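Coordinate inspection notes
Given next are the chains, with one letter for each unit.
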Amino acid sequence: MSKELTLTVISPDKILYQGKAESVILPGSVGYFGILPGHATLVSQLDFGLIKLHTAGKEFRIAIDGGFCEVRNDQIRVLTEGGDSEDDLTHDHAIELLQEAESLPSSKEKENLLKKAKVRILLHER
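A few points on the structure. Bear in mind that the values here come from a model prediction, so they are computed numbers and not experimental data. Sequence order as written defines residue numbering, which begins from 1 separately in each chain. Local features are withheld for residues below a pLDDT of 70 in this predicted model, meaning they are given only at 70 or higher, and side-chain atom pairs are given and counted only at 80 or more; totals for whole chains, interfaces and linings count all residues. The basis for the side-chain values is all heavy atoms of the structure; hydrogens and waters are excluded.

1. A short note on the packing of aromatic side chains
Stacked, edge-to-face and tilted labels apply to pairs of Phe, Tyr and Trp rings (six-membered ring for Trp) whose centres lie within 6.5 Å, assigned for plane angles under 30 degrees, over 60, and everything in between, in that order. Within this structure, the stated rule accounts for one aromatic pair. Here Tyr17 and Phe60 contribute two aromatic rings whose centre-to-centre distance is 5.6 Å and whose plane-to-plane angle is 35°, an arrangement assigned as tilted. On the criterion of sequence distance, the pair formed by Tyr17 in strand β2 (residues 15–21) and Phe60 in strand β6 (residues 58–72) is long-range, its members being 43 residues apart. By definition, any uninterrupted DSSP run of H or I lasting at least four residues is a helix, any uninterrupted run of E lasting at least two residues is a strand, and each is numbered from the N terminus.

Written as structure tokens, this is what we have:
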């Protein structure tokens, strides 16, 4: 059994992450779930949230806007509608995104923009 996972996170714009991890936590549509090496084959819908991957004693986080994941043979592939890593935007920019979303009239788009902004804020909180 392998002691590492290979994680690939892809959005329509770019590859958000591609590399090794010891464990990965994903934002499933009914709650967060973890993946360790040797995990059973799985396909799951993902919600807005943070992917948390652990490698070499460090945690790296990626904000995603929902999507799907496939786990097979210690490889995790995530396809998401959008996302950012901790290095992609500042906490202040995430606050600006939230303020812009809050100023919109009520709609499904506003709900999604609020979720997106809140996840980006969580990206910088430890």
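2. Let's talk about the pairing of β2
When DSSP finds at least two bridges between two strands, those strands are taken to pair. Pairing of strand β1 (residues 5–10) with β2 involves six bridges; the strand directions are antiparallel. Counted as the bridge partner of Ile10 is Ile15 from β2. Turn length for the β1-β2 hairpin, with the two strands adjacent in sequence and antiparallel, is four residues.

3. Digging into the environment of Gln75
Here Gln75 lies in strand β7 (residues 75–80). Counting along the chain gives 38 residues from Gln75 to Pro37, while the straight-line C-alpha distance between them is 8.8 Å. What Gln75 contacts, discounting residues up to four positions off in sequence, is Thr6 and Glu70. Any pair of N or O atoms that falls within 3.5 Å is considered a polar contact. Within protein, one atom must be able to donate a hydrogen and the other to accept it, and sequence-neighbouring residues count only if both atoms are side-chain atoms. Of note is the side chain of Gln75, whose polar atom sits 2.7 Å from the side chain of Arg77. Contacts are assigned to residue pairs that have any heavy atoms within 4.5 Å of one another.

4. Looking at the nonpolar core
What is meant by a nonpolar core is a set of buried Ala, Val, Leu, Ile, Met, Phe, Trp, Tyr and Cys residues, joined one to another through side-chain atoms within 4.5 Å. With a 1.4 Å probe rolled over the protein chains alone, any residue whose accessible area is under 20% of its type maximum counts as buried; one over 50% counts as exposed, and the rest are partly exposed. Counting 19 residues, the largest nonpolar core has Leu7, Val9, Val24, Leu26, Ile51, Ile76 and Val78 as its most contacted members. Of all elements in the fold, only β1, β2, β3 (23–28), β4 (31–35), β5 (42–55), β6 and β7 reach the threshold of two or more residues within this core. By residue number, the principal contributor to this core is β6, which donates four residues. Those residues in contact with Val9, other than ones at most four positions away along the chain, are Lys14, Ile15, Leu16, Tyr17, Ile51, Ile62, Ile64, Val78 and Thr80. One finds Ala94, Ala101, Leu114 and Ala117 within the second-largest nonpolar core, a separate group that totals twelve residues.

5. Considerations on unusual backbone geometry
The backbone of Asn73 sits at a positive phi, close to 50°, despite the residue not being glycine. Looking at the element boundaries, Asn73 is found in the loop between β6 and β7.

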